[in-house]
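# Residue-level structural notes
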Amino acid sequence: LGHAASISKALRELKELGFIDKLPKLTVVQAEGADPLYRTITGKDHDHLVAVHAKTLATAIKIGNPISWKKAMRGIEATDGWVTEVNEQEIADAKAVIGRDGIGCEPASAVTIAGLKKIIRDGTDKAVDKQEVVVAILTGHMLKDPDYAVLYHKNNLYDEFGTSTEIVPIGPKIASNFGNMPVQIGPDADKLREIILARLNGRHH
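What comes next concerns the included structure. This is a predicted model, so every value here is computed, not measured.

### Examining unusual backbone geometry
Positive phi, close to 55°, is recorded for Asp80, a residue that is not glycine. Not every positive phi belongs to a glycine, and Asn155 is a case in point at roughly 55°. Among the structural elements, Asn155 can be located in the loop between α6 (146–153) and α7 (189–200). Classification of Asn155 by relative accessible area gives exposed; the value is 70%.

Put into structure tokens, the structure is as follows:
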């Protein structure tokens, strides 16, 4: 929700400085699996965030306890805006529709179009009037999640999946003359400190 908080602050300053006459409505769109602000605003207690265990393929918005939620909420309320949520299918289809126009964006950016379509479709009091001008902000490039687009267009995208890579030697091997072999450890601060100190002292092989 950092983007929403920053945009609302910028809009307020633009109005205060006389660059715009009125504040445009600010609408936040979240994924159903990572929708703490939506649950908070549509719930009874607006003073405490309804944190969630985030689950969505839109990795950039896979946040269940955003620190900027109060600023984002103030921006929504000040502009008579709204917050909505969209599911994984709606996000994936919106991303593909955007791609047809030659614009490559990440899934987390495609939620803007998915959310706009949903608001129009639902026809609530927060619906967009046909005469209104809408700016849908896409903040992330497609290459942030390249596998997502490939899997979608190959009809092989699932809301939960794992990937694996297999190296098959074909040509001559390239020597790791300056290799720095990664070491995998668990969440153990002491072990991490021990490995770092060992490398600094040249004892690790």
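The rest of the description comes next.
### Quick notes on helix α4 (residues 88–100)
Compared with an ideal rise of 1.5 Å per residue, which puts 13 residues at 18 Å, α4 spans 19 Å between its outermost C-alpha atoms and is within 8% of the ideal. What α4 keeps buried is the set Glu88, Glu90, Ile91, Ala92, Ala94, Lys95, Ala96 and Ile98. Among the residues trailing α4, Gly102 stands out with phi positive, at a value near 80°.

### Considerations on the nonpolar core
Membership of the largest hydrophobic core comes to 13 residues, with the highest contact counts inside it found for Val86, Ile91, Ala110, Val111 and Tyr148. Among the elements that take part in this core, α4 stands out by supplying four residues, more than any other. Residue contacts for Ala110: discarding those within four places in its chain leaves Ile91, Ala94, Lys95, Ile98 and Cys105. One finds Ala4, Val28, Leu37 and Leu49 within the second-largest nonpolar core, a separate group that totals 10 residues.

### Description of the pattern of salt bridges
With the rule as written, the count across this model stands at eight salt bridges. Between Glu106 and Lys144 there is a salt bridge, with its nearest N and O atoms 3.4 Å apart. Placement of Glu106 in the loop between α4 and α5 (107–122) and of Lys144 in the loop between α5 and α6 is noted, with a sequence separation of 38 residues between them. Classification of Glu106 by relative accessible area gives buried; the value is 2%. As a salt-bridge pair, Asp122 and Arg121 come within 3.9 Å of each other at their nearest N and O atoms.

About the criteria used
- Residues numbered from 1 in each chain as written.
- Predicted model: local features only at pLDDT ≥ 70, side-chain atom pairs only at ≥ 80, totals over all residues.
- Heavy atoms only, no water.
- Helix = DSSP H or I, 4+ residues; strand = E, 2+ residues; numbered from the N terminus.
- Buried < 20%, exposed > 50% of the residue type's maximum accessible area, 1.4 Å probe, protein only.
- Expected span 1.5 Å × (residues − 1).
- Core = buried A, V, L, I, M, F, W, Y, C linked by side-chain atoms within 4.5 Å.
- Contact = heavy atoms within 4.5 Å.
- Salt bridge = Lys/Arg side-chain N within 4 Å of Asp/Glu carboxyl O.

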